[in-house]
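Listed below are the residues making up each chain.
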Amino acid sequence: MLPKYIIDPSFSQEISEYTDCIVIGSGIAGLSTAIRISRHIKVKILTKSSLSESTTWYAQGGIAAAIKKPDDWEKHYHDTLKAGQGLCDPQAVRILVQNAPRMIEELIEIGINFDISEGEISLTTEGGHSYPRILHAGGDATGEEIENKLVKYAKSIDHIEIYPDYLALDILTHNKSCIGVMALNLDRDKIELHPSSNVIIASGGIGQIYELTTNPPVSTGDGIAMAYRAGAEIMDIEFVQFHPTVFRTRDGKLFLISEALRGEGAYLRDCHGKRFMLGKHPRAELAPRDIVVKEMIKVMKETKCDFVYLDATHLPESLLKVRFPNIISKLKENGLDLKKDLIKVSPAAHYLNGGIKTDYDGKTNIEGLYACGEAAATGAHGANRLASNSLIEGLVFGWKIYKSILEFLNEKNESIEGEVIKRVTELGSCMGETIKESNCSKRPSRRELSRNLALEDEIDTVIHNFRHMMTERVGILREESGLREAENLIDSYLNDERLYNQKNKKVIEFINMLTVAKLIVKAAILRKESRGTHQRSDYPLRDDRNWKKHTILTKDKIYFKNVG
Ligand code: SIN
């Protein structure tokens, strides 16, 4: 019983000006798309934290593109398909890998400095890549370099209006068309309606639904949850990628140790010191991520240790210093030396392969609603994303959205703007300071939402228990009875009416986490096989005959689509 809007739009207190395009989220996908579109029209960026707080910032390893012979797009294409375990959409992958090199050129044009070695862009490899094609920056600070430069660039553009501390609540729709966004202005504690005929969801992933994640606190699945409530199709959401090598700091925080370290030759050893990937895959430690995680889980169970070791002690110190300055310094803070010590690591939730289903132009099934980046399911990742294909995917499909919006602008009918404002006004029905009394059709009296906290005393505990349950029942290894238990618990939370119609950020994020968790569980129950990042102990084999297809969930129906 999920309502269409988690806060009734008639609670809104303000309607802002119409704009042709709103972007939700400020990672690489959102910012690069906004920057392109701003060459033609004004763009609003809504972001629930500061502009630079996104998963992009934390990306260490790099960004994949076949930029140097003998590598080429076809090799990148085949590696991506292979990692995706039969579930990639080949055309989406082709679009991704063919356009990747030009995206890199554009990043360089706006001042992003990739690491150089002997006068050329330095390339490394990671799991599943048959050639070195990962560009990196600042050694292991690729995301930071990209995000900082994009933020700086976006801030310098007059046509970009930045709304930090704006928590997007829901996509406003009328007759299956997008007409804007309802958002909570966190600074002023006000609900606002933002009319627009084009909304791009680029709000990132869902890692926070798990106890252990590499994702920042903002990754609560908001964009996917609000798209679903609005009627969008959600595809392949059961495929959650866990990163193999995550380090726990002294103060209990998690810190990703980039796969690029294994790309440069580091080993994985069980807690007794034995290399366990040898003989398990031709590329040993550089097998695709899902395979490494599967072996790690097995080994951790056999050895009764809750970690394995990452061993870089045989690598030259000079290489480690240049390539991994941040990792070295983080380990040092924790009393460890990458050159001398074995590093304890274990898997943590890292990336959602599925998400809001889009076509090759980034369009969803709701007119005027687009998605890109981790929130989107373009079909390029299949059942397991190839390492370092995420930043590049955000750029390529953001660029496709830009082209779609240019088409919209060329064909734009003058009446659209007035129509959208009228519809949004009807939804907001009379509460707004900018709405005239004559527009009131629903509620004549002014309503205010209080900040009363549903579950005020319990919310932290409830979220903690929910994450624990997700890790246990819906984590790396799943089975029917655990999934059913998870479903019942999630439903009981989602049916708690106290959660709705209130302005508390934590509660709103919790509704979104529950919503994406419910979708993951539902799809995981349906997919009775093991493939890529979806592993079921009760169906341990990949089943191409019955399951070489995408799972698609909407509020009204569930269906499957054969791989294109
Ligand atoms: C890493 O640096 O290991 C993360 C890269 C990725 O997730 O693609």
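1. Topic: the packing of helix H3 (residues 73–83) against helix H4 (residues 90–109)
Right, so step 1: Viewed as axis vectors pointing N to C, H3 and H4 meet at an angle of 135°, and their least axial separation amounts to 9 Å. Considered as vectors, H3 and H4 are oriented oblique to each other. Where H3 crosses over H4, the handedness of that crossing is right-handed. Residues Trp73, His76, Tyr77, Thr80 and Leu81 of H3 form the contact with H4, whose participating residues are Pro90, Val93, Arg94, Val97 and Gln98.

2. Some thoughts on H3
Right, so step 1: Considered for burial, the residues of H3 that qualify are His76, Tyr77, Asp79, Thr80 and Ala83.
Right, so step 2: Considering only its buried residues, H3 is in contact with strand S4 (63–64) and H4.

3. Things to note about the sheet that holds strand S15 (residues 240–248)
Right, so step 1: Taken in spatial order, the 5 strands of this open sheet run S16-S15-S19-S18-S17, and their pairing is antiparallel. Two strands in the sheet have a free side with no partner beyond their single neighbour: strand S16 (254–256) and strand S17 (267–269). Neighbour-to-neighbour, the strand axes of this sheet turn through a mean angle of 55°, independent of strand direction.
Right, so step 2: Helix H8 (residues 289–303) contacts S15, S17, strand S18 (308–311) and strand S19 (343–352) of the sheet and is inclined by roughly 60° relative to S15.

4. Examining the site of the ligand
Right, so step 1: Taken together, the neighbourhood of the ligand is formed by Gln60, Gly61, His243, Leu256, Ser258, Glu259, Arg289, His350, Arg385, Ala387 and Ser388.
Right, so step 2: At 2.8 Å from an oxygen atom of the ligand is found a side-chain nitrogen or oxygen belonging to histidine 243.
Right, so step 3: Between the ligand and histidine 350 there is a distance of 2.6 Å, counted from an oxygen atom to a side-chain nitrogen or oxygen.
Right, so step 4: In the complex, the protein chains occlude 95% of the 260 Å² of accessible area that the ligand would expose alone.
Right, so step 5: Residue composition of the shell around the ligand, by class: 2 nonpolar, 6 polar and 3 charged.

5. Brief notes about the sheet that holds strand S22 (residues 376–377)
Right, so step 1: Strand order across the open sheet formed by 5 strands is S22-S20-S14-S25-S26, with mixed pairing between neighbours. Two strands bound the open sheet, and with one partner strand each, they are S22 and strand S26 (558–562).
Right, so step 2: In the sheet, strand S14 (residues 234–235) pairs with strand S25 (residues 549–553) via 2 bridges, with the strands oriented antiparallel. Within the sheet, the bridge partner assigned to methionine 235 lies in S25 and is isoleucine 552.
Right, so step 3: Across the sheet, helix H15 (residues 505–526) is in contact with S14, S25 and S26; its angle to S25 comes to roughly 140°.

6. What about the nonpolar core?
Right, so step 1: Ranked by size, the top nonpolar core spans 83 residues in total, and within it Ile201, Ile209, Tyr210, Phe466 and Phe510 carry the most contacts.
Right, so step 2: For this core, the leading source of residues is H15, giving 14 residues.
Right, so step 3: Counting 49 residues, the second largest nonpolar core, distinct from the first, contains Ile45, Ile392, Leu395 and Val396.

7. A closer look at the confidence of the model for the protein chain
As a general rule, the predicted coordinates of low-pLDDT regions are not to be interpreted in detail.
Right, so step 1: Of the residues in the protein chain, 95% have a pLDDT of 70 or more, and the chain-wide mean is 93.
Right, so step 2: Within the model, pLDDT remains below 50 along residues 431–446, and this stretch shows 35 contacts once partners closer than five positions in the same chain are excluded.

8. Let's talk about the packing of aromatic side chains
Right, so step 1: Overall, the coordinates contain 8 aromatic pairs when judged by the stated rule.
Right, so step 2: Between phenylalanine 307 and tyrosine 309, the ring centres sit 5.2 Å apart and the planes meet at 65°, which makes this aromatic pair edge-to-face. Like phenylalanine 307, the residue tyrosine 309 is buried in the burial classification.
Right, so step 3: Pairing tyrosine 493 with phenylalanine 510 gives two aromatic rings, centres 5.5 Å apart and planes at 65°, and the pair type is edge-to-face. A residue pair is termed long-range when its members are at least 10 positions apart, and tyrosine 493 in helix H14 (residues 480–494) and phenylalanine 510 in helix H15 qualify at 17 residues. When sorted by exposure, tyrosine 493 lands in the same class as phenylalanine 510, which is buried.
Right, so step 4: An aromatic cluster is present here, built from Phe466, Tyr493 and Phe510 joined pairwise through their rings.
Right, so step 5: Above the plane of the ring of phenylalanine 560 lies lysine 549, whose end atom (NZ or CZ) is 5.4 Å from the centre.

9. Some remarks on unusual backbone geometry
Right, so step 1: Backbone torsion omega between lysine 69 and proline 70 reads 10°, so that peptide bond is classified as cis.
Right, so step 2: Within the secondary structure, proline 70 is located in the loop between S4 and H3.
Right, so step 3: Even without being a glycine, aspartate 189 presents a positive backbone phi close to 60°.
Right, so step 4: Of note, aspartate 189 is situated in the loop between strand S11 (177–185) and strand S12 (190–195).

Definitions and limits used
For every chain, the first residue of the written sequence is number 1, and numbering continues from 1 along that sequence. Per-residue local features of the predicted model are confined to residues with pLDDT of at least 70, and side-chain atom pairs are confined, for both listing and counting, to 80 or more; whole-chain, interface and lining totals are unaffected and use all residues. Only hydrogens and water are set aside when side-chain values are computed; all heavy atoms of the structure are taken into account. Note on definitions: angles span 0 to 180 degrees between N-to-C directions of axes, and those axes are lines fitted to C-alpha atoms, for helices only across the stretch in contact. Every helix listed is a DSSP run of H or I at least four residues long, and every strand listed is a run of E at least two residues long, numbered separately from the N terminus. Working definition: roughly parallel below 35 degrees, roughly antiparallel above 145 degrees, roughly perpendicular at 65 to 115 degrees, and oblique for all remaining angles. It is the rotation of the near helix from the far one that decides the hand of a crossing: anticlockwise by less than a right angle makes it left-handed, clockwise makes it right-handed. Contacts are assigned to residue pairs with any non-hydrogen atoms lying within 4.5 Å of each other. Relative accessibility thresholds used throughout: buried, under 20% of the residue-type maximum; exposed, over 50%; partly exposed, between the two (1.4 Å probe, protein chains only). Note on pairing: DSSP must find at least two bridges between two strands before they are called paired. A single heavy atom is enough: if one lies within 4 Å of a molecule or strand, its residue is considered near that molecule or strand. Two N or O atoms form a polar contact when they lie within 3.5 Å of each other; inside protein one atom must be a possible hydrogen donor and the other a possible acceptor, and for residues adjacent in sequence the pair counts only when both atoms belong to side chains. Areas reported here follow the Shrake-Rupley algorithm with a probe of radius 1.4 Å; residue values treat only the protein chains shown as occluding. Lys, Arg, Asp and Glu make up the charged group, whereas Ala, Val, Leu, Ile, Met, Phe, Trp, Tyr, Cys and Pro make up the nonpolar group; the residues left over, Gly among them, are polar. What makes a nonpolar core is a set of buried Ala, Val, Leu, Ile, Met, Phe, Trp, Tyr and Cys residues whose side-chain atoms join them at distances within 4.5 Å. Per residue, pLDDT measures the predictor's confidence, with a range of 0 to 100. The aromatic pairing rule takes the rings of Phe, Tyr and Trp, using the six-membered ring of Trp, and pairs them if the centres are within 6.5 Å, calling planes under 30 degrees apart stacked, those over 60 edge-to-face and the rest tilted. Ring-over charges, as used throughout, are those where CZ of Arg or NZ of Lys falls within 6 Å of the ring centre and within 35 degrees of the ring normal.

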